[in-house]
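Geometric and topological summary
Here is how the chains run, residue by residue.
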Amino acid sequence: MKTLAIYSMKGGVGKTATSVNLAYWAAQSGMKTLLIDLDPQGASSFYFRIKPAKKNWGKRFFKAYENLLKQIKASDYENLDIIPAHMSFRNFDVILDGLNKRKSRLQKILKGMKKEYDLVILDCPPSIGHLSESIFIASDRLLVPVIPTTLSERTFAQLLDFFKQEGYSKKKILPFFSLVQNQKSMHKNTQDNLRQSHPNFLKTVIPFSADVENMGEHRAPVDQFARSKPANTAYRDLWQEVSHHLT
Amino acid sequence: MNSMQERSWWLKNKPGFKKLEKLLSASFDGLTEESYWQTHKNLLDSFDWQLWQKDEALLFARETVQEEQTGYLQLLSLRGESLQVLEESQPNPPSFWWDLPDSELREYLHKRLDVCSLEAVISVEEERWLLACRDSEQKIRVRLEVVHREVFRLDAEETPRHHQTFITCKPLRGYEKSADQALACLHRLLGDPANPESPEYLLSLTGLQPEKALLPSPLPLHPNTPTETALREAADRLFAQARRYEAGLLFDVDTEFLHQYRVNLRRIRSIFSLLKAALPEDVWQELKPRLSELSKSTNTLRDLDVFLLERSEFLAMLPEAFRPGLEKLFHKVEEERRLAHQQLASQFLSADYEKNCQWLEAFFAEPPLLATPLAVMPVKKVAGQKIWKRYRKICKAGQKVTSKTPDDEIHQLRIQCKKLRYLLDFFASLYPPKQHKRHVKTLKRLQTILGNFNDYTVQQEFLLERLEKDTTSELDAALHGLITILYQQQLEERSKVMQALNDFSAQRVHADFKTSYKKQ
């Protein structure tokens, strides 16, 4: 089983859209996939029409795994299950706060999923903190959407600094350009600069697209309502590229 | 009741569906049609139902969704639980395990089927509609699948077609309550659930009865039956079983048909010759050549089959450089085999063959003559005497074996062991199964070593003959190499023979045979 985190320190970079579409394509490719919506503001579960669970979770760690299993919901698509937002996040917070060695706790919980899933995708909240650090440890790869603007360039540099400081492997980080508008010269220039200084940027670029915004209206992955559009092709290609890095 | 389990119900007529929709609307906000596709399925097994015998079935399915075809292979229990699945897009069902791509299922079928081929026994043509029960967010809570199908068996033309419709409730993880609601609706409307997709149901629907095609093992005998009667009855069944393999042998489906044909004939021949005193001498003299004629005509083909089946083993024994020479020999033998098969096939189709078979069938079915002392003796009494005598004979001969005993005498011992084995197997139903198993196991250990020893000799002879026949320098080298290796293996096996004989006549085994078979 592989764990892929979709992570950004900054909000509004297309992180949730990436999680939803990548989870969808991973499942379509035949991998048993679990999408965990860790971002209470994010809307992966909303896009899959899944209502969050009403019940509160137990606080004790040894129950965490069982509790997590109970939260799993089948999506409308084959091979794709989801743990909805909010409750799961709160529970992780509780788990991670109260314990020693908390940073590796998430990893331990996810290990239990090995029997059932080939891939776990984490849709992460935009922040740096205990939860983010445990995500860095638990993930095989960290997929980081970067809008090619000066501001995003800086947050990306901050993430790299943080990894260096804490001694995490930079090899885990897979950055890619998101919400790209090639008609803007700043977008073009920033891409060129970053690709030069960081050759590990993925080849695939996700364009800024009304189809991605329309996901909220259709409440489904792009493939379900805009199959032949460039945004859809881009997500499919992105999954192809990412999957190579996961093997 | 586990709500995560799929459950099916028969749908007798279409109007029932409107009612169901109404019932479901109380719990769900909408029922939508998701997809429609067609599936063509085949239930596969070997001619001797090797999967069925292990409570399993193999299903090959080809799905057509919007003109796109995908196929998969699924191993099921007879009750319908999925044991293993292999997604593969081959358009046709596999004939042998080696037709499959590397996978767990391939390995598994290798073990189960070995050289036996698979054949489609049942055809199922399906139309499938997938329906979704949705909530207020239009999220799918539970799925329903309506299947309309036509089922028929494939072992004959123009078999009856069975048309059926059923509905299956497919729960989704995390929505157990919704599944319970849907299940309750189906229960109310349609009564008790059914298991329409299980292989055991498909077999009973089409009237296929594997248990009737196969001989019971062991053959049932009654202890008080006169020996001649028991012999004729057993031979009658064994001969019918042998003839069952004729068609497959003619069409050259796989090598197992000839093998099983010979096994059954050999069983008949050996029980008659071991108990020949149950027939008047002149009757035996008439029966004997007729039986051996049948087997003899198959010898060449079987020898060539055996050699070809060892292809990969032989090739692996030699260094790469010698392999091309050997490959050429295999091609030659393949050609010889083709001719041998043709010859056998024309013999099978001849009037003489049919006449001989008819004579034998009539003989086995005739009332017994009961003209000799052994003929009228109860079979259980004979069993004990014969087994005990044969066992002691082997022990006695075994004690004389030293490292200097000629190979020929070892071969004689092997034949003695074979005879004991036929006796044990023929009389098995008269004794407790555990005892039979124990004795066969003990004997088998000895037989394996003697059998290997013999195989290495036979293989060397086969290759030596080749060495004289078709010789090229390339092949010469390969054959010399192989013969040397086989000779080494023969020596090694030979060194195990004495120990195995000692084990077989050990006091403990001796006492066990004595209490089991010696007249009290």
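The notes below deal with the structure included here. (Residues numbered from 1 in each chain as written. Chains lettered and ligands numbered in written order. Predicted model: local features only at pLDDT ≥ 70, side-chain atom pairs only at ≥ 80, totals over all residues. Heavy atoms only, no water.)

**With respect to the sheet that holds strand 6 (residues 141-146) of chain A**
Residues and elements named next belong to chain A. Strand order in the open sheet made by the 8 strands is 3-4-2-5-1-6-7-8, with mixed pairing throughout. Looking at the sheet topology across the chains shown, the edges are occupied by strand 3 (73-74) and strand 8 (205-207). Bridge analysis of strand 2 (residues 33-37) against strand 5 (residues 119-123) gives 5 bridges, and the strand direction is parallel. By the bridge assignment, Ile 36 is partnered in strand 5 with Leu 122. (Pairing = 2+ DSSP bridges. Helix = DSSP H or I, 4+ residues; strand = E, 2+ residues; numbered from the N terminus.)

**Here we look at helix 20 (residues 507-517) of chain B**
Residues and elements named next belong to chain B. Considered for burial, the residues of helix 20 that qualify are Val 509, Asp 512, Phe 513, Ser 516 and Tyr 517. Down the axis, helix 20 shows its buried residues gathered within 100° of arc, on one side only. With respect to the buried face of helix 20, the exposed residues turned more than 90 degrees away are Gln 507, Arg 508 and Thr 515. Elements that come into contact with the buried residues of helix 20 comprise helix 16 (379-399), helix 17 (407-426), helix 18 (433-469) and helix 19 (473-504). (Buried < 20%, exposed > 50% of the residue type's maximum accessible area, 1.4 Å probe, protein only. Arc of directions from axis to C-beta. Contact = heavy atoms within 4.5 Å.)

**As for the interface of chain A and chain B**
Accessible area lost upon the coming together of the parts serves often as the stated size of an interface. Contact with chain A, which involves 15 residues of that partner, is made by 13 residues of chain B. Summed over both sides, the interface between chain A and chain B buries roughly 1,100 Å², with carbon and sulfur atoms accounting for 39% of that surface. The largest share of the area that chain A buries against chain B comes from Arg 49, Lys 51 and Asp 76 of chain A, three residues that together contribute 49% of it. For the interface between chain A and chain B, the tally reads 4 salt bridges. With its nearest N and O atoms 2.8 Å apart, the salt bridge here joins Arg 219 of chain A to Glu 137 of chain B. Counting across the chain A and chain B interface gives 10 residue pairs in polar contact (both at pLDDT 80 or more). Here the residues of the side of chain A that touches chain B are counted per class, giving 7 nonpolar, 1 polar and 7 charged. (Buried area = accessible area lost by both parts, 1.4 Å probe. Salt bridge = Lys/Arg side-chain N within 4 Å of Asp/Glu carboxyl O. Polar contact = N/O pair within 3.5 Å; in protein donor to acceptor, adjacent residues only side chain to side chain. Nonpolar A, V, L, I, M, F, W, Y, C, P; charged D, E, K, R; others polar.)

**Describing the sheet that holds strand 2 (residues 30-45) of chain B**
Residues and elements named next belong to chain B. Judged by pairing direction, the sheet is antiparallel, and its 8 strands sit side by side in the order 1-8-7-6-2-3-4-5 without closing on themselves. The open sheet terminates on both sides in strands that have one partner only, identified here as strand 1 (7-10) and strand 5 (82-87). The sheet shows a mean angle of 25° between the axes of neighbouring strands, taken without regard to direction. Taken together, the 10 bridges between strand 7 (residues 140-153) and strand 8 (residues 162-171) define a ladder with antiparallel strand orientation. If you follow Val 147 over to strand 8, its bridge partner there is Phe 166. (Axes fitted to C-alpha atoms, helices over the stretch in contact; angles between N-to-C directions.)

**Section: the environment of Asp 45 of chain B**
Residues and elements named next belong to chain B. Looking at the element boundaries, Asp 45 is found in strand 2. Classification of Asp 45 as buried rests on a relative accessible area of 2%. Residues Asp 45 and Glu 366, 321 residues apart in the sequence, show an inter-C-alpha distance of 36 Å. Ignoring any residue separated from it by four or fewer positions in sequence, one finds Asp 45 in contact with Gln 50, Leu 51, Trp 52, Glu 56, Ser 117, Leu 118 and Glu 119. Looking at Asp 45, its side chain comes within polar contact range of the main-chain nitrogen of Gln 50, at 3.2 Å. In terms of polar contacts, Asp 45 uses its side chain to reach the backbone amide nitrogen of Trp 52, at 2.9 Å.

**Quick notes on the pattern of salt bridges**
Residue and element names in this part refer to chain B. Scanning all chains against the criterion turns up 38 salt bridges over all chains. Between Lys 41 and Glu 126 there is a salt bridge, with the nearest N and O atoms lying 3.3 Å from each other. Pair noted here: Lys 41 is in strand 2 and Glu 126 is in strand 6 (residues 119-134), with a separation of 85 residues, a long-range link. Each member of the pair Lys 41 and Glu 126 is classed as buried.

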